[in-house]
Amino acid sequence: MANLTDMPNIGPHVAEQLAQVGIATPDDLMAAGAEQAWLKVQAIDPGVCLHMLYGLEGAVQGVPKKELDPARKQELKAFMDANRPA
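Predicted, not measured: the structure shown is a model, and the values here were computed from it.

1. Describing the packing of aromatic side chains
Centre distance and the angle of the planes are the two values used to describe a pair of aromatic rings.
Argument step 1. Within this structure, the stated rule accounts for one aromatic pair.
Argument step 2. With 6.2 Å between their ring centres and 70 degrees between their planes, tryptophan 38 and phenylalanine 79 make a pair best called edge-to-face. Within this pair, whereas tryptophan 38 is found in helix α2 (residues 26–44), its partner phenylalanine 79 is found in helix α4 (residues 70–82), the two being separated by 41 residues in sequence. By the burial criterion, tryptophan 38 is buried, and phenylalanine 79 matches it.
Argument step 3. Over the ring of tyrosine 54 we find lysine 73, and its NZ or CZ is 5.3 Å from the ring centre.

Below you can see the structure in the form of structure tokens.
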């Protein structure tokens, strides 16, 4: 897989945002993980949402975001809630 857009849930807009924060390849995203990638994007776009975080996690796991385990979704929601801008 050479391009971020080859990963599940990653369209051109998300790929562009990831590239802006230094995540340019699937390997970069895998190394950063969904949470850290989301935090980096949040720094340039404070309006990033929970669905993007789910999408990033799905990309890391190689599955559509709707297939994420409900317990993992709860963890991600708690992470987002704890990391909202003030």
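2. Some remarks on the packing of helix α1 (residues 12–20) against α2
Argument step 1. Their axes nearest at 9 Å, the elements α1 and α2 cross at an angle of 85 degrees. The orientation of α1 with respect to α2, classified from their angle, is roughly perpendicular. Facing Gln17, Leu18 and Gln20 of α1, the residues of α2 in contact are Ala37, Val41 and Ile44.
Argument step 2. Tallied by class, residues from the contact of α1 with α2 come to four nonpolar, two polar and no charged.

Conventions used here
- Residues numbered from 1 in each chain as written.
- Predicted model: local features only at pLDDT ≥ 70, side-chain atom pairs only at ≥ 80, totals over all residues.
- Heavy atoms only, no water.
- Phe/Tyr/Trp six-rings, centres within 6.5 Å; stacked < 30°, edge-to-face > 60°.
- Helix = DSSP H or I, 4+ residues; strand = E, 2+ residues; numbered from the N terminus.
- Buried < 20%, exposed > 50% of the residue type's maximum accessible area, 1.4 Å probe, protein only.
- Lys NZ or Arg CZ within 6 Å of the ring centre and 35° of its normal.
- Axes fitted to C-alpha atoms, helices over the stretch in contact; angles between N-to-C directions.
- Parallel < 35°, antiparallel > 145°, perpendicular 65-115°, else oblique.
- Contact = heavy atoms within 4.5 Å.
- Nonpolar A, V, L, I, M, F, W, Y, C, P; charged D, E, K, R; others polar.

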